[in-house]
Amino acid sequence: MLDGWKLLRFSFDDVKDKPRMCEQMIHQFMGKWFGSSNSGRYSSCSVEEREIICLALRSNRKVKQSDVCTALNVEQQKARTLLHSLLSKGILIPGARGKQRMYV
């Protein structure tokens, strides 16, 4: 919580007996967190930048420029521009040094 993490709690019984309710709560949370309202943390991000954020959240590894090219079907320069924009907004941080282009 201190590092800005958001925590959703579900009881075992709710997950077991009311999975749809739990799913709806997660969807509501994601809508608020990634939604287009001005209150969302990512409200200043473009649709492409939000897709990169979702890609980073889904993957269990650092995101590479080539991952963005494949996921969004864009050229390397466009992927680089989007990643640098997310870096400047403080949403992503560099995950490597030198010629490697990885982001977390």
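Higher on the page you've got the structure.
Residues numbered from 1 in each chain as written. Predicted model: local features only at pLDDT ≥ 70, side-chain atom pairs only at ≥ 80, totals over all residues. Heavy atoms only, no water.

## Here's the deal with the overall build of the chain
Condition: Here a helix means four or more residues in a row that DSSP labels H or I, a strand means two or more in a row labelled E, and each is numbered from the N terminus. With a 1.4 Å probe rolled over the protein chains alone, any residue whose accessible area is under 20% of its type maximum counts as buried; one over 50% counts as exposed, and the rest are partly exposed. We call two residues in contact whenever any of their non-hydrogen atoms come within 4.5 Å of each other. Working definition of accessibility: Shrake-Rupley area with a 1.4 Å probe, residue cover restricted to the visible protein chains.
Helices and strands together make up the secondary structure of the chain, namely five helices and two strands. Written out in order from the N terminus, the α and β elements of the chain read α-α-α-β-α-α-β. By the burial criterion, 25% of the 104 residues in the chain qualify as buried. Summarising the internal contacts of the chain: among those between residues at least 6 apart in sequence, 34% fall at separations of at least 24. Total accessible area computed for the chain in this model is approximately 7900 Å², and 53% of it derives from carbon and sulfur atoms.

## Let's talk about the environment of I91
Locating I91 in the fold gives a position in the loop between α5 (76–88) and β2 (102–103). Assessed through its relative accessible area of 19%, I91 is described here as buried.

## What about a nonpolar patch on the surface?
Here is the rule we go by: Nonpolar side chains (Val, Leu, Ile, Met, Phe, Trp, Tyr) are joined into patches within 5 Å and like charges within 9 Å, using only residues with over 30% relative accessible area and no salt bridge. By salt bridge we mean one thing: a side-chain nitrogen of Lys or Arg within 4 Å of a carboxyl oxygen of Asp or Glu.
On the surface, L8, I26 and M30 cluster together to form a nonpolar patch covering roughly 220 Å² of accessible area. Along the chain, I26 falls in helix α2 (residues 19–34). I26 sits in the partly exposed class, given a relative accessible area of 39%.

## Here's the deal with the nonpolar core
Nonpolar side chains in soluble globular proteins generally cluster together in the buried interior. Selection criterion: We call a set of buried Ala, Val, Leu, Ile, Met, Phe, Trp, Tyr and Cys residues a nonpolar core when their side-chain atoms join them within 4.5 Å.
Core analysis: the biggest nonpolar cluster contains 15 residues, and C45, I52, I53, V68, L86 and I91 have the highest contact counts within it. What V68 contacts, discounting residues up to four positions off in sequence, is I52, L55, V63, N73, V74, A79 and L83.

## Digging into the packing of helix α4 (residues 65–72) against α5
In a packed pair of helices, the relevant descriptors are the angle between the two axes and the axis-to-axis distance. Our working definition: Every axis corresponds to a line fitted to the C-alpha atoms, with the helix fit spanning only the stretch in contact, and the corresponding angles, defined between N-to-C directions, vary from 0 to 180 degrees. Should an angle fall under 35 degrees it is called roughly parallel, over 145 degrees roughly antiparallel, and 65 to 115 degrees roughly perpendicular, with every other angle called oblique. Note on convention: near helix rotated counterclockwise from far helix by under a right angle means a left-handed crossing. Clockwise means right-handed. Throughout, the ten residues Ala, Val, Leu, Ile, Met, Phe, Trp, Tyr, Cys and Pro are labelled nonpolar, Asp, Glu, Lys and Arg are labelled charged, and all others, Gly among them, are labelled polar.
One way to put it is that α4 packs onto α5 with a least axis distance of 9 Å and a crossing angle of 110 degrees. Taken together, the axes of α4 and α5 lie roughly perpendicular to each other. Two packed elements cross with a definite hand, and for α4 against α5 that hand is right-handed. Note on element contacts: α5 touches α4 through Q76, A79, R80, L82 and L83, opposite Q65, V68, C69 and L72. Its residues assigned to classes, the contact of α4 with α5 comprises six nonpolar, two polar and one charged.

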